[in-house]
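Each chain, letter by letter, is given below.
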Protein chains: 4
Amino acid sequence: MAKMVASLSVTPLGTGSTHLSAYVRAATEVLKEMGVKYRTGAGFTDIELDDYSTLAEILKRVEDKLASMGVKRVDFIIKIDRRMDEELTIEGKISKVERR
Amino acid sequence: MAKMVASLSVTPLGTGSTHLSAYVRAATEVLKEMGVKYRTGAGFTDIELDDYSTLAEILKRVEDKLASMGVKRVDFIIKIDRRMDEELTIEGKISKVERR
Amino acid sequence: MAKMVASLSVTPLGTGSTHLSAYVRAATEVLKEMGVKYRTGAGFTDIELDDYSTLAEILKRVEDKLASMGVKRVDFIIKIDRRMDEELTIEGKISKVERR
Amino acid sequence: MAKMVASLSVTPLGTGSTHLSAYVRAATEVLKEMGVKYRTGAGFTDIELDDYSTLAEILKRVEDKLASMGVKRVDFIIKIDRRMDEELTIEGKISKVERR
């Protein structure tokens with residue numbers, strides 16, 4: 001269970017190619033290394049988090065990894081759903097909408 | 001195949017309850033009615049689109065549906081990935097990242 | 001007055017440079033040509049709109065302009081604040097927060 | 001000067017009213033208390049940041065403040081423009097687009 005579910009998109013800018021999946025894969029590797037529960041979508045990757053400092057750590061590590069791939073500028077888009085009245089899971093949110 | 005993949009989140013405001021999945025389900029019903037290919041995520045629903053006017057129609061119908069449920073204010077967050085150099089699919093974008 | 005205030009960001013992908021303001025300026029030109037009321041911010045441009053089809057027209061024209069500049073892929077991020085219970089203006093929303 | 005410019009929107013969910021500016025003002029108070037350079041827009045507040053942990057601190061303090069106002073659920077939308085090749089300022093980004 002988690003206190004928040006964030007949806008993260010990572011977009012390297014100025015790379016000279018419209019093919020970006022290698023960079024998104026690299027960002028997903030960070031989530032695996034940190035043992036964060038995630039689910040890949042087409043526009044965003046959903047992430048279960050317990051606190052904002054874990055998010056900060058993810059952003060730092062992703063930046064470092066992209067910089068090592070030669071990226072000089074990156075856009076992060078993040079949507080955080082934070083509930084103080086109940087726990088959240090990625091699957092829980094999806095099944096409520098799809099009524100599984 | 002589609003020319004763009006959009007990720008849409010629909011958030012009714014001022015409803016008096018933190019439980020919002022009924023409204024998100026109603027928005028998903030619109031996609032089904034319009035025969036739009038979609039995939040539900042925790043923070044966003046991914047949608048395959050061929051043009052911006054279809055997006056406008058989706059937003060209009062979702063607004064009407066939420067208004068019929070008593071909603072007086074709604075936030076839409078939309079991320080559109082538009083490629084002019086190749087076709088896009090939801091599954092295509094995901095499998096490139098997950099290397100299926 | 002308007003029924004909705006949208007915040008739009010336009011990001012060309014795969015260009016060979018991290019300098020993107022020329023493309024954002026081109027997108028802003030579209031708003032001027034269409035006579036849309038807007039306000040430039042650092043991450044987004046706020047726009048007053050009366051309907052979703054105007055938004056679709058803006059996106060179409062911006063895409064065409066960027067394509068004419070050689071862009072092959074573009075990310076649009078859009079946040080729409082739609083109120084059914086009262087009119088909205090860019091200045092009205094800002095002054096309520098800043099209590100001008 | 002800063003290493004990144006973030007655009008932040010804070011939306012309390014489930015409050016019984018469509019009037020939300022009091023909550024946005026409360027979030028802006030946090031920025032003032034922390035001495036963060038910011039600029040209010042209609043949909044987002046632009047913020048100059050040097051690191052992700054400052055962003056995490058902002059989110060934590062805003063959550064605490066909203067919780068003290070009775071909020072049980074909140075949506076944060078964050079767009080971060082991070083440049084590794086040059087410094088960024090809110091005014092710098094705007095003047096490049098508006099050619100002041």
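Residues numbered from 1 in each chain as written. Chains lettered and ligands numbered in written order. Predicted model: local features only at pLDDT ≥ 70, side-chain atom pairs only at ≥ 80, totals over all residues. Heavy atoms only, no water.

## Remarks on the overall build of chain A
Helix and strand counts for chain A come out as 3 helices and 4 strands. Tracing chain A from N to C terminus, the helices and strands come up as β-α-β-β-α-β-α. Taking the principal axes of the C-alpha coordinates as reference, chain A spans close to 45 × 30 × 20 Å. Looking at the 100 residues of chain A, the share that counts as buried comes to 59%. Pairs at least 24 residues apart make up 73% of the contacts formed inside chain A by residues separated by at least 6 positions. Counting every atom, chain A has about 3800 Å² of accessible surface; 48% of that belongs to carbon and sulfur. If the 17 positive side-chain charges of chain A are averaged to one point and the 16 negative ones to another, these points end up 3 Å apart. (Helix = DSSP H or I, 4+ residues; strand = E, 2+ residues; numbered from the N terminus. Buried < 20%, exposed > 50% of the residue type's maximum accessible area, 1.4 Å probe, protein only. Contact = heavy atoms within 4.5 Å. Areas by Shrake-Rupley, 256 points an atom, 1.4 Å probe, with all protein chains shown as cover. Lys, Arg positive; Asp, Glu negative; His and termini not counted. Charge placed at Lys NZ, Arg CZ, Asp CG, Glu CD.)

## Section: the relation of the copies chain D and chain C
Turning chain D through 180° and shifting it by 0.0 Å along the axis lays it on chain C, with an RMSD of 0.0 Å. What we have between these two chains is a two-fold relation. For chain D, the residue whose C-alpha comes nearest the rotation axis is G41(D), separated from it by 3.3 Å. Mapped onto chain C, 100% of the interface residues of chain D are again interface residues, and the two copies thus contact each other with one and the same surface. (Least-squares fit on C-alpha atoms with pLDDT ≥ 70 in both.)

## Observations regarding the interface of chain D and chain C
At the junction of the two partners, chain D supplies 27 residues and chain C supplies 27 residues. Considering only the side of chain D, the residues that lose the most area to chain C are R25(D), A42(D) and V97(D), jointly responsible for 26% of the buried surface there. Seen at the junction of chain D and chain C, the total is 0 salt bridges. Counting across the interface, chain D meets chain C through 18 residue pairs in polar contact (both at pLDDT 80 or more). (Buried area = accessible area lost by both parts, 1.4 Å probe. Salt bridge = Lys/Arg side-chain N within 4 Å of Asp/Glu carboxyl O. Polar contact = N/O pair within 3.5 Å; in protein donor to acceptor, adjacent residues only side chain to side chain.)

## Quick notes on the interface of chain A and chain D
Interfaces are often sized by the accessible area lost when the parts come together. With 24 residues of chain A at the contact, the number on the chain D side is 24 residues. Approximately 2300 Å² of surface area, both sides summed, lies buried where chain A meets chain D, with 57% of it carried by carbon and sulfur atoms. In this structure, R73(D) engages D81(A) in a salt bridge whose closest nitrogen and oxygen atoms are separated by 2.5 Å. The tally of links between chain A and chain D comes to 13 residue pairs in polar contact (both at pLDDT 80 or more). Those elements that provide at least two residues to the side of chain A that touches chain D are α2 (52–68) and β4 (73–83) of chain A. Residue contributions to the side of chain A that touches chain D peak at 11 residues, all from β4(A).

## Here we look at the environment of K72(B)
Considering the arrangement of structural elements, one finds K72(B) in the loop between α2 (52–68) and β4 (73–83). Between the C-alpha atom of K72(B) and that of T15(B), which follows or precedes it by 57 residues, the distance is 8.2 Å. Aside from chain neighbours lying at most four places away, what touches K72(B) is R82(C), R83(C), M84(C), D85(C) and T18(D).

## Things to note about the UniProt feature "domain: Thiamine-binding protein" (unreviewed entry) in chain A
Here, UniProt's "domain: Thiamine-binding protein" (unreviewed entry) annotation points to residues 6–98 of chain A. Taken end to end, residues 6–98 of chain A is 43% helix and 28% strand, and its first and last C-alpha atoms sit 19 Å apart. (UniProt positions renumbered as here; feature names shortened; annotations may be inferred.)

## Some details on the pairing of strand β1 (residues 4–12) of chain D
All names here are of chain D. Among the 9 residues in β1, 9 count as buried, and that is most of the element. Alternating positions in β1 separate into two faces, M4, A6, L8, V10 and P12 on one and V5, S7, S9 and T11 on the other, with burial throughout. In this structure, β1 lies alongside strand β3 (residues 45–49), joined through 5 bridges in antiparallel fashion. Paired with M4 across the strands is L49, a residue of β3. Sheet topology places β1 next to strand β4 (residues 73–83); 9 bridges connect them, and they run antiparallel. If you follow T11 over to β4, its bridge partner there is D75. (Pairing = 2+ DSSP bridges.)

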